[in-house]
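Structure assessment
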Amino acid sequence: MILHLIFDSLDFKSWMVLILVLLILYDVFKNRNPSNFPPGPWPLPFLGTVFTEMDFKTMDKLTKVYGKIFSLRVGSEKMVVVSGYKLVKEALIDHNDGFVERPNVPLFNKTFKGIGIALSNGYLWRMHRKFTVSHLRNFGEGKKAIELSIQQECVFLCDAFRVEKGPFNPQVILNSAISNIVACLVLGQRFDYHDERYQNILCLDTECVQLAGQTRTQLYNVWPQLFEYLPGPHQTLFANYKKITDFLRGEIIKHREDWDPSNPRDYIDTYLTEMQKKKSDPEAGFNIEGLVVTCLDLVEAGTETSTTTLRWGLLYMIKFPEIQEKVREEIDRVIGQSRQPCLADRVDMPYTDAVIHETQRFGNTVPLGFPKLAAKDTTLGEYFIPKGTAVTTSLSSVLYDPDEWETPHTFNPQHFLDDKGQFRKRDAFLPFSAGKRACLGEQLARMELFLFFTSLLQQFSISKCPGEEPSLDGEIWFTYAPAPFRICVSPR
Ligand code: HEM
């Protein structure tokens, strides 16, 4: 009776206010945190902390306010961010099985569909990861074949540098060289640096990495059903991915035409054979779509990361010429000018090895790693993280952890050298992440970085261009990359 009277007395405006209050109460109730959940910025109703930028610099600032484990909420999806070597190690290594899954990120799910390697889970992920690791091993990773193919690419790279007269931005050339290593492994061929169709694919890929890191693009994750129909950078991202996957599908079709199972040429051929073997095991997901997405994983994850690291390397060499000089002195002493660098040289070149490691540490190429999901209820540090919560481990906070590094904010190769000038490993060196989800291309990437870096410095003196002062501050994409810069090279 009383309720009836209240309802009768409400006008339209009051109804609206009442509905809004009820919705807000529902939102608060639905998204309430369990006890001992990590603290974080106060979320807005429905939207959560969507206006908080999701880059590592913002995460660093929030760490200072809320501590090394804090939470955010994108829409109604909760996310926990973990910082500092000790806690990141606890999450990735001690709780390895706890954080081995990937969350569903709508922005990527549209293309990657939860299959392949990088964004898949469970049995399908385990089978694909195992298969790919074994392919990389058998097709030369850690072996002579891949070393030879990188050395061959070093010749093309140095030739392309030699052609440049005057200042130039090395990005496209480096990207072409690096991408050719993955192309050889996956597609069985390298591409000429002037191949327009392939260059277009590389540009689309670079643009994807740039777009994926932007907050405007990530808005798609808050309300995918709505943003699906709205214009914006997410649409460019999807269109780019479509063109890249069309290219890969075309390559797969060509492979099928002249496929000889007894003579596999590359990853695609080996995968086609695996598809036959796994016909009775559809859960393993070995099918053409799985192949397209896995190729995309390898091209994506294996090109931008290494190219960006090498760009950081060149940038540091022109900013710190005295360090470049010491690397060159070691190259001249150990390798000389009469032969190409090879992997066996690395043990005799601790200073160069330290410079490459410091480049990876200071460059901080994948600052937030890839997100994980708590596969079960877990206690991390002093906080409770319920099953199903997305967890981001900040690799940046590890690579710059003041408790681990003597001079975290200085480019200092001494971090990786002992008193006798010998190379020393550091526990907090985690640019490839750690645990079961760690980068599966680590060994390949380390070979590429050593051979490309030493080959370039063996052949060229590299310097800043007159009147230009490139910045050490990077641009935040999905990776953290140097702002475009130009170099001048003189053959030695
Ligand atoms: C300097 C170069 C590279 C860096 C810094 C790097 C870094 C990373 C990082 C931080 C992750 C995320 C790991 C995690 O979730 O905990 C990752 C994953 C991955 N990387 Fe790399 N990477 C590099 C090169 C490569 C190369 C050359 C390949 C392959 C050819 C590759 C293939 C992958 C794949 C497939 C994954 C997903 C692994 C999974 O989800 O199981 N990466 N990488």
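What counts, and at which threshold
- Counting starts from 1 at the beginning of each chain's written sequence and moves along it residue by residue.
- Selection of residues for local features in this predicted model requires a pLDDT of at least 70, selection of side-chain atom pairs for listing and counting requires 80 or more, and totals for whole chains, interfaces and linings are taken over all residues.
- Excluded from the side-chain calculations are hydrogens and water; all other atoms, namely the structure's heavy atoms, are used.
- UniProt positions are given in the numbering used here, feature names are shortened, and annotations may be inferred rather than shown by experiment.
- Helix and strand definitions here come from DSSP, where helices need a minimum of 4 consecutive H or I residues and strands a minimum of 2 consecutive E residues; each element is numbered from the N-terminal end.
- Here, expected helix span is obtained from the residue count minus one, scaled by 1.5 Å.
- A simple rule labels every residue: compare its accessible area, found with a 1.4 Å probe on the protein chains alone, to the largest value its type can have, and call it buried under 20%, exposed over 50%, or partly exposed in between.
- Pairing of N or O atoms within 3.5 Å defines a polar contact, subject to two protein rules: one partner must be a possible hydrogen donor and the other a possible acceptor, and residues neighboring in sequence count only if both atoms are side-chain atoms.
- Note on definitions: the grid is 1 Å and covers protein atoms alone; a cavity is a set of points where a 1.4 Å probe fits but cannot get out; a pocket is an open set with protein on both sides within 12 Å along at least five of seven lines; lining residues have an atom within 4 Å of a point.
- Grid points are joined across faces, edges and corners, and a volume is the space filled by probe spheres set on the points.
- In this classification, Asp, Glu, Lys and Arg are treated as charged, Ala, Val, Leu, Ile, Met, Phe, Trp, Tyr, Cys and Pro as nonpolar, and every other residue, Gly included, as polar.
- A fitted line through C-alpha atoms represents every axis, and for helices the fit uses only the stretch in contact; the resulting angles, taken between N-to-C directions, go from 0 to 180 degrees.
- Whether a crossing is left-handed or right-handed is set by the direction in which the near helix is turned from the far one by less than a right angle, anticlockwise for left-handed and clockwise for right-handed.
- Note on contacts: a residue pair is in contact if any heavy atoms of the two residues lie within 4.5 Å.
- When we say a residue is near a molecule or strand, we mean one of its heavy atoms is within 4 Å of it.
- Assignment of a molecule to a cavity or pocket requires that more than half of its atoms lie within 2 Å of the corresponding grid points.
- When DSSP finds two or more bridges between two strands, those strands count as paired.
- Only one rule defines a salt bridge in this text: a Lys or Arg side-chain nitrogen within 4 Å of an Asp or Glu carboxyl oxygen.
- Within 6.5 Å between ring centres, the rings of Phe, Tyr and Trp (the latter by its six-membered ring) count as paired, and their orientation is classed by plane angle as stacked under 30 degrees, edge-to-face over 60, tilted in between.
- For the purpose of charge, His is not counted, nor are the chain termini; Lys and Arg are scored as positive and Asp and Glu as negative.

Our next topic: the UniProt feature "binding site: heme" (unreviewed entry) in the protein. UniProt's entry tags Cys439 with the feature "binding site: heme" (unreviewed entry), counted in the numbering of this structure. In this structure, cysteine 439 sits in the loop between α17 (395-399) and α18 (442-459).

Before going further, it helps to spend a moment on helix α14 (residues 288-319). Between its first and last C-alpha atoms α14 spans 46 Å; for 32 residues at 1.5 Å apiece the expected length is 46 Å, and the two agree. The element α14 is largely enclosed, with a buried count of 27 among its 32 residues. With a side-chain oxygen lying 3.3 Å from the backbone nitrogen of glutamate 289, the N-terminal cap of α14 falls on asparagine 287.

Estimated volume of the second largest pocket: approximately 650 Å³. Lining the second largest pocket are 24 residues; nearest its centre among them are Asp60, Lys64, Ser396, Tyr400 and His409. Within the residue set of the lining of the second largest pocket, elements represented by two or more residues are α3 (56-66), α14 and α17. Top element by residues in the lining of the second largest pocket is α3. It accounts for six residues. Class assignment for the residues of the lining of the second largest pocket results in eight nonpolar, eight polar and eight charged.

Running from amino to carboxyl end, helix α12 (residues 233-257) crosses α14 at an angle of 120°, the nearest separation of the two axes being 10 Å. Classified by chirality, the crossing of α14 by α12 is right-handed. Contacts between α12 and α14 pair Tyr241, Ile244, Thr245, Leu248, Arg249, Ile252 and Arg256 from the former with Ile288, Glu289, Leu291, Val292, Cys295, Leu296, Val299 and Glu300 from the latter. A breakdown of the residues in the contact of α12 with α14 according to their chemical character gives ten nonpolar, one polar and four charged.

The environment of the ligand is formed by 24 residues, the closest being Arg129, Lys372, Ser433, Arg437 and Cys439. In the environment of the ligand, an oxygen atom lies 2.8 Å from a nitrogen or oxygen atom belonging to the side chain of arginine 129. Contacts to the ligand include arginine 437, whose side-chain N or O atom sits 2.6 Å from an oxygen atom. Judged by its atoms lying within 2 Å of the grid points, the ligand is housed in the largest cavity. Counting residues per element, the ones that place at least two in the shell around the ligand are α6 (122-138), α14 and α18. In terms of residue count, the dominant contributor to the shell around the ligand is α14 (five residues). Partitioning the shell around the ligand into residue classes produces 13 nonpolar, seven polar and four charged.

Before going further, it helps to spend a moment on the sheet that holds strand β3 (residues 372-373). Taken in spatial order, the four strands make up an open sheet running β1-β2-β6-β3, and their pairing is mixed. At either end of the open sheet lies a strand with only one pairing partner, and these are β1 (69-74) and β3. As judged from the four bridges shared by strand β2 (residues 77-82) and strand β6 (residues 390-393), these two strands associate in the parallel manner. Along β6, the bridge assignment pairs methionine 79 with alanine 390. Contacts from α3 reach β1 and β2, with the element oriented near 120° to β1.

This paragraph deals with the pattern of salt bridges. A complete count under the given rule lists 27 salt bridges for this structure. Across the pair lysine 436 and aspartate 97 runs a salt bridge, and its minimum N-O distance is 2.6 Å. A residue pair is termed long-range when its members are at least 10 positions apart, and lysine 436 in the loop between α17 and α18 and aspartate 97 in the loop between α4 (85-94) and α5 (106-112) qualify at 339 residues. A residue is classified by how much of its surface remains accessible, and lysine 436, at 40% relative accessible area, is partly exposed. The class of aspartate 97 is partly exposed, set by a relative accessible area of 44%.

This part takes up the packing of aromatic side chains. The full count for this structure, using the stated rule, is 27 aromatic pairs. Here phenylalanine 161 and phenylalanine 168 contribute two aromatic rings whose centre-to-centre distance is 5.2 Å and whose plane-to-plane angle is 90°, an arrangement assigned as edge-to-face. Phenylalanine 168 carries the same exposure label as phenylalanine 161, and that label is buried. Measuring from ring centre to ring centre gives 6.3 Å for tyrosine 198 and phenylalanine 247, while their planes differ by 45°; the resulting arrangement is tilted. Separated by 49 residues along the polypeptide, tyrosine 198 in helix α9 (residues 196-212) and phenylalanine 247 in helix α12 bring together distant segments of the chain.

With that out of the way, let us pick up the side chain of glutamate 330. Looking at where glutamate 330 falls in the secondary structure, it is placed in helix α15 (residues 321-334). Although glutamate 330 lies buried, it forms no salt bridge, and the closest oppositely charged side chain, arginine 333, sits 4.2 Å away as judged by the N-O distance. Excluding residues within four positions of it along the chain, glutamate 330 makes contact with Ile335, Asp348, Met349, Pro350, Tyr351 and Thr352.

Despite not being glycine, asparagine 36 has its phi angle at roughly 70°, a positive value. Relative to the helices and strands, asparagine 36 is located in the loop between α2 (12-30) and α3. Given a relative accessible area of 44%, asparagine 36 falls into the partly exposed group. Notably, serine 433 is not glycine yet its phi reads approximately 70°, a positive angle. Residue placement: serine 433 occurs in the loop between α17 and α18. Residue classification places serine 433 among the buried positions, given a relative accessible area of 14%.

Looking now at empty space enclosed by the protein. Using a probe with the size of a water molecule, rolled over the atoms, empty space left in the structure can be pinpointed. Scanning the entire structure with this criterion turns up four cavities of 30 Å³ or more. Considering only enclosed or pocket space, the largest cavity measures out at about 720 Å³ in volume. Contributions of two or more residues to the lining of the largest cavity are made by α6, α8 (171-187), α14, α17 and α18. In terms of residue count, α14 provides more of the lining of the largest cavity than any other element does, seven residues in total. Roughly 70 Å³ of internal volume is contained in the second largest cavity. Lining the second largest cavity are Ser179, Val182, Ala183, Leu187, Tyr198, Ile201, Leu202, Ile244, Phe247, Leu248, Val299 and Thr303. Those elements that place two or more of their residues in the lining of the second largest cavity are α8, α9, α12 and α14. Here the lining of the second largest cavity gets four residues from one element, more than from any other, and that element is α8. Grouping the amino acids of the lining of the second largest cavity by side-chain chemistry returns ten nonpolar, two polar and no charged.

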